[in-house]
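Examination of the molecular architecture
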Amino acid sequence: MPLTKAIIVPGNGAGDVERCNWYGWAKKQINKIPDMTCLLSNMPDPVTARESIWLPFIQEELQCDEETVIIGHSSGAAAAMRYAETHKVFGLILVGAYTSDLGDENERESGYFSRPWEWEQMRRNVGHIVQFGSTDDPFLPWEEQQAVAEGLGAELHKYTDRGHFQNTQFPELIDAVRKLRAAA
């Protein structure tokens, strides 16, 4: 299957996603890649980011399929992983991914962390998995980011100075999309 589409699933609480973090910038850069389309939408239920609302939105509104790479940041990475448990996708690019509710009530309410992760099923459903993580992330322990990489066998890009990846540009992400497109 070719890679024709990227969807960016933001972290919870992102507000206007076109102007938040690197999301709008990345969408513009990906849309410059020949024969690629990038979708970025304000998510429903943006604060709690409930799995029961976000996964149907990814399926029905963003029309994620086997020609799509899901770029998930933070809560969006959790959504991307849960989506990949039950749907075939071209690839996942996970930014600031984690495995538990971190003891946070809002994270617990999202529903992503209420059961074990189905790593094997995700690996079967996803052709390519790239992960970006930083040891200085103020929200996510490195051990959780490492657990995602190990569970998925992800191509891990480990940084020590990116925090929670809330910068306005993210050229390494665009490089990863270009590499996946070339591999298709």
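Above this text you will find the structure in question.
Now for a look at the structure at hand. Here the structure is a predicted model, which is why all the values come from computation and not from measurement.

Attention shifts here to the packing of aromatic side chains. Two measures describe an aromatic ring pair: the distance that separates the ring centres and the angle between the ring planes. Scanning the entire structure with this criterion turns up ten aromatic pairs. Seen in terms of ring centroids, Phe132 and Tyr159 are 6.4 Å apart; in terms of plane orientation they differ by 15°. Their pairing is stacked. With a gap of 27 residues between them, Phe132 in strand 5 (residues 126-134) and Tyr159 in strand 6 (residues 155-159) connect regions that are remote in the sequence. Exposure remark for Phe132: the relative accessible area of 1% places this residue in the buried category.

All right, on to the nonpolar core then. Ile58, Ile70, Met81, Leu92, Leu94 and Leu152 are the most contacted members of the largest nonpolar core, which totals 35 residues. Taken together, the elements giving at least two residues each to this core come down to strand 1 (5-9), helix 2 (51-60), helix 3 (75-86), strand 4 (89-95), helix 5 (119-125), strand 5 and helix 6 (142-152). The element that contributes the greatest number of residues to this core is helix 3, accounting for seven residues. When sequence neighbours within four positions are dropped, the list of residues in contact with Ile58 reads Ile7, Val9, Met43, Gln63, Cys64, Ala79 and Tyr83.

A word on the side chain of His73. Assignment of secondary structure puts His73 in strand 3 (residues 68-73). Looking at His73, its side chain comes within polar contact range of the side chain of Tyr23, at 2.6 Å. At 2.8 Å, the side chain of His73 forms a polar contact with the backbone oxygen of His164. Not counting residues within four places of it along the chain, the set of residues in contact with His73 comprises Val9, Pro10, Gly11, Asn21, Trp22, Tyr23, Val95, His164 and Phe165.

Rules used throughout
Residues numbered from 1 in each chain as written. Predicted model: local features only at pLDDT ≥ 70, side-chain atom pairs only at ≥ 80, totals over all residues. Heavy atoms only, no water. Phe/Tyr/Trp six-rings, centres within 6.5 Å; stacked < 30°, edge-to-face > 60°. Helix = DSSP H or I, 4+ residues; strand = E, 2+ residues; numbered from the N terminus. Buried < 20%, exposed > 50% of the residue type's maximum accessible area, 1.4 Å probe, protein only. Core = buried A, V, L, I, M, F, W, Y, C linked by side-chain atoms within 4.5 Å. Contact = heavy atoms within 4.5 Å. Polar contact = N/O pair within 3.5 Å; in protein donor to acceptor, adjacent residues only side chain to side chain.

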